[in-house]
Amino acid sequence: MNEFNLRKELGTLKDPRRGQAQQHKIDVVLMITIMATMSGYQGYRAIGDFGLRYKNEIVEYLKLPKDKVPAYATVRRVLMNINHQKYGDIFTKWMKHYETTAQ
């Protein structure tokens, strides 16, 4: 079965932020959001707290430049304005892929 790259797929979503407001790429913001949510963190501030709590691990895992994670306000701006249908479709596709490869 073909490998499914969640981060790459998330990067295909249109970023609703203006150019100068894109310190963190949309794939990074959404990967952290998914990791935080799957770890029980709910809400913008909680996702921001997750980023701070696991900053070193996130920076290493996602190979982030400048050793910075997005603040909760960045998470909020992205989540409030992305195409939720496409975001959900990508997540569902990833989960289906994971389900079939885990069997």
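Everything that follows concerns the structure shown earlier in this document.
Below: a short report on this structure. (Residues numbered from 1 in each chain as written. Predicted model: local features only at pLDDT ≥ 70, side-chain atom pairs only at ≥ 80, totals over all residues. Heavy atoms only, no water.)

**Thoughts on the packing of aromatic side chains**
Tallied over the full model, the rule gives three aromatic pairs. With 5.6 Å between their ring centres and 50 degrees between their planes, Phe91 and Trp94 make a pair best called tilted. A residue pair is termed a helical-turn pair when its members lie 3 or 4 positions apart in one helix, as Phe91 and Trp94 do in helix H6 (residues 84-102) at three residues. Taking relative accessible area as the criterion, Phe91 reaches 29% and is therefore assigned partly exposed. Owing to a relative accessible area of 18%, Trp94 belongs among the buried residues under this scheme. By the ring-pair criterion, three or more aromatic residues cluster together here, those being Tyr41, Phe50 and Tyr54. (Phe/Tyr/Trp six-rings, centres within 6.5 Å; stacked < 30°, edge-to-face > 60°. Helix = DSSP H or I, 4+ residues; strand = E, 2+ residues; numbered from the N terminus. Buried < 20%, exposed > 50% of the residue type's maximum accessible area, 1.4 Å probe, protein only.)

**Observations regarding the nonpolar core**
Core analysis: the largest hydrophobic core is formed by 28 residues, its most contacted members being Leu6, Leu10, Leu30, Ile32 and Tyr87. Elements that contribute at least two residues to this core include exactly helix H1 (6-10), helix H2 (26-38), helix H3 (44-53), helix H4 (55-62), helix H5 (72-81) and H6. Ranked by residues supplied to this core, first place goes to H2 with eight residues. Sequence-distant contacts of Leu30, defined by excluding residues within four places in its chain, comprise Leu10, Leu13, Val78, Leu79, Ile82 and Tyr87. (Core = buried A, V, L, I, M, F, W, Y, C linked by side-chain atoms within 4.5 Å. Contact = heavy atoms within 4.5 Å.)

**Some remarks on the pattern of salt bridges**
The full count for this structure, using the stated rule, is two salt bridges. A salt bridge links Arg7 to Asp27; the nearest nitrogen and oxygen atoms lie 2.6 Å apart. Residue Arg7 is located in helix H1, and its partner Asp27 is located in helix H2; the two are separated by 20 residues in the primary sequence. Judged by relative accessible area, which is 26%, Arg7 ranks as partly exposed. Given a relative accessible area of 11%, Asp27 falls into the buried group. Asp15 serves as the salt-bridge partner of Arg17, at 2.6 Å between the closest nitrogen and oxygen. Of the residues examined, Arg17 reaches a relative accessible area of 8% and is grouped as buried. (Salt bridge = Lys/Arg side-chain N within 4 Å of Asp/Glu carboxyl O.)

**Points about the environment of Met31**
Checked against the element boundaries, Met31 lands in helix H2. Met31 gets classed as buried once you look at its relative accessible area, which sits at 9%. Expressed as a C-alpha distance, the spacing of Met31 and Arg7, which sit 24 residues apart in the sequence, is 6.6 Å. With sequence-adjacent residues up to four places away left out, Met31 is seen in contact with Leu6, Arg7, Leu10, Tyr61 and Leu62.

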